[in-house]
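Residues per chain are reported as follows:
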Amino acid sequence: MSTVSLSEVETPTDVEGFRENLSRFFLKDGGTNNLMVMGNDSIPIDEISSLADVYTKTGTGFGGNGGSPSITPSLDFSMDTVREFMDKTGQVFSCVGFFEDEDNFDLYDVSENQRDYVTSSKNVGWYTLDNQILREFYSKVLGEFSGYVPVGDAS
C-alpha cells in the first residue's frame, strides 16, 4: 500500500470526478462501492452528487435529526500533529494550511484495497462532514461538491 500526494489529487470539477475521489479516498462498505456512514446504512456512491446528499439520505443536519454524519477518509494523522501545527501557526479555532504540509499526514488510495489501510493505519477514524480540521481536505479532494470553498477563494 502506498501513499498518495495530496498535491497530485485532482480536485473534481464534475460529479463523476467527485464520485471517483469519494471512492478512492473514503472507506466503503465491504466489497461494494457504497460509502460507509457511521450509524447508518451505507450509501451507493452512484447516488451521491455532493456531501449534501449524505445529509439528506441520512436524515441529519438542518431539517433532519440534527448532527452531522460521519465518514472515514483514508488519512493517517494524529491530533498531536494538528495541535503542534496550530501552536506553530498561532491558530486557536482552526488549522488552515495543515493539509498543505504533507509531512503532517499520509493519504491512501483505497479504491482497490482498503483492508491494508484499515489494518496498518494508526489513526483510522470517523469524522463528521462538518469537521473543522478536515474542511480543507474535503474541499481539495471533493471540490465544490463538498460544500466548502478552498481557502483563499472565499468572497
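What counts and what doesn't
Residues numbered from 1 in each chain as written. Predicted model: local features only at pLDDT ≥ 70, side-chain atom pairs only at ≥ 80, totals over all residues. Heavy atoms only, no water. Helix = DSSP H or I, 4+ residues; strand = E, 2+ residues; numbered from the N terminus. Rg over C-alpha atoms; globule rule 2.2 N^0.38 Å. Buried < 20%, exposed > 50% of the residue type's maximum accessible area, 1.4 Å probe, protein only. Contact = heavy atoms within 4.5 Å. Lys, Arg positive; Asp, Glu negative; His and termini not counted. Charge placed at Lys NZ, Arg CZ, Asp CG, Glu CD. Phe/Tyr/Trp six-rings, centres within 6.5 Å; stacked < 30°, edge-to-face > 60°. Salt bridge = Lys/Arg side-chain N within 4 Å of Asp/Glu carboxyl O. Core = buried A, V, L, I, M, F, W, Y, C linked by side-chain atoms within 4.5 Å.

Asks: Looking at this model, I keep getting lost on the overall build of the protein chain. Mind explaining?
Replies: A tally of helices and strands in the protein chain yields five helices and six strands. At 15 Å, the protein chain has a C-alpha radius of gyration in line with the 15 Å of a compact globule built from 155 residues. For the protein chain, the spread of C-alpha atoms along the principal axes amounts to about 40 × 40 × 30 Å. Every one of the 155 residues in the protein chain was classed for burial, and the buried ones make up 43%. Partitioning the contacts of the protein chain with sequence separation of at least 6, the portion at a separation of at least 24 is 65%. Each charge sign in the protein chain was given a centre, from 10 positive and 26 negative side chains, and these centres are 4 Å apart.

Asks: How should the packing of aromatic side chains be read in this particular structure?
Replies: Think of a pair of aromatic rings as described by two things: how far the centres are apart, and how the planes are tilted against each other in angle. Scanning the entire structure with this criterion turns up 13 aromatic pairs. Grouped by ring-pair contacts, the aromatic residues Phe26, Phe77, Phe85, Phe98, Phe99, Phe105, Tyr127, Phe137, Tyr138 and Tyr148 constitute a single cluster.

Asks: Please clarify how the pattern of salt bridges should be interpreted in this entry.
Replies: As a working rule, side chains carrying opposite charge can pair if their charged atoms are close by. What the rule picks out here adds up to three salt bridges. Across the salt bridge formed by Arg24 and Asp109, the nearest N and O atoms sit 2.8 Å from each other. In this pair, Arg24 is assigned in helix 1 (residues 15–25) and Asp109 in the loop between strand 5 (106–107) and helix 4 (115–120), connecting sequence segments 85 residues apart. The partly exposed category is assigned to Asp109, whose relative accessible area is 26%. Its salt-bridge partner being Lys57, residue Glu47 comes within 3.7 Å of it at the nearest N-O pair. Taken together, the positions of Glu47 in the loop between strand 2 (43–44) and helix 2 (51–58) and Lys57 in helix 2 put the pair ten residues apart, joining distant regions of the chain. For Lys57, a relative accessible area of 44% puts it in the partly exposed group.

Asks: Got a minute to help me understand the environment of Asp103 in this structure?
Replies: You can see Asp103 is positioned in the loop between helix 3 (79–89) and strand 5. Of the residues examined, Asp103 reaches a relative accessible area of 74% and is grouped as exposed. The sequence separation of Asp103 and Thr81 amounts to 22 residues, and the corresponding C-alpha distance is 9.6 Å.

Asks: Sorry, what's going on with helix 1 here?
Replies: Given 3.6 residues per turn, any residue in an α-helix points the same way as the ones three and four places further on. Restricting attention to buried positions, one finds in helix 1 the residues Gly17, Phe18, Asn21, Leu22, Ser23 and Phe25. Looking at the buried side of helix 1, the elements it contacts are strand 1 (34–35), helix 2, strand 5 and helix 5 (135–142).

Asks: What exactly am I supposed to notice about the environment of Val4 here?
Replies: Structurally, Val4 can be placed in the segment before helix 1. Owing to a relative accessible area of 18%, Val4 belongs among the buried residues under this scheme. C-alpha of Val4 to C-alpha of Leu107: the two residues are 103 residues apart in sequence and 5.4 Å apart in space. For Val4, the residues in contact, after removing those within four places along its chain, are Val9, Arg24, Phe25, Glu102, Leu107, Tyr108 and Asp109.

Asks: When you look at the nonpolar core in this model, what are you seeing that I'm missing?
Replies: Side chains of nonpolar character tend, in soluble globular proteins, to be buried together. If you look at the biggest cluster of nonpolar residues, it comprises 35 residues, and the most contacted ones within it are Phe26, Leu35, Phe77, Phe99, Leu107 and Phe137. Elements represented by at least two residues in this core include exactly helix 1, helix 2, helix 3 and helix 5. The leading source of residues in this core is helix 5, at four residues. Beyond its immediate chain neighbours, meaning those up to four positions away, Phe137 contacts Leu6, Phe26, Pro73, Leu75, Phe99 and Leu107.

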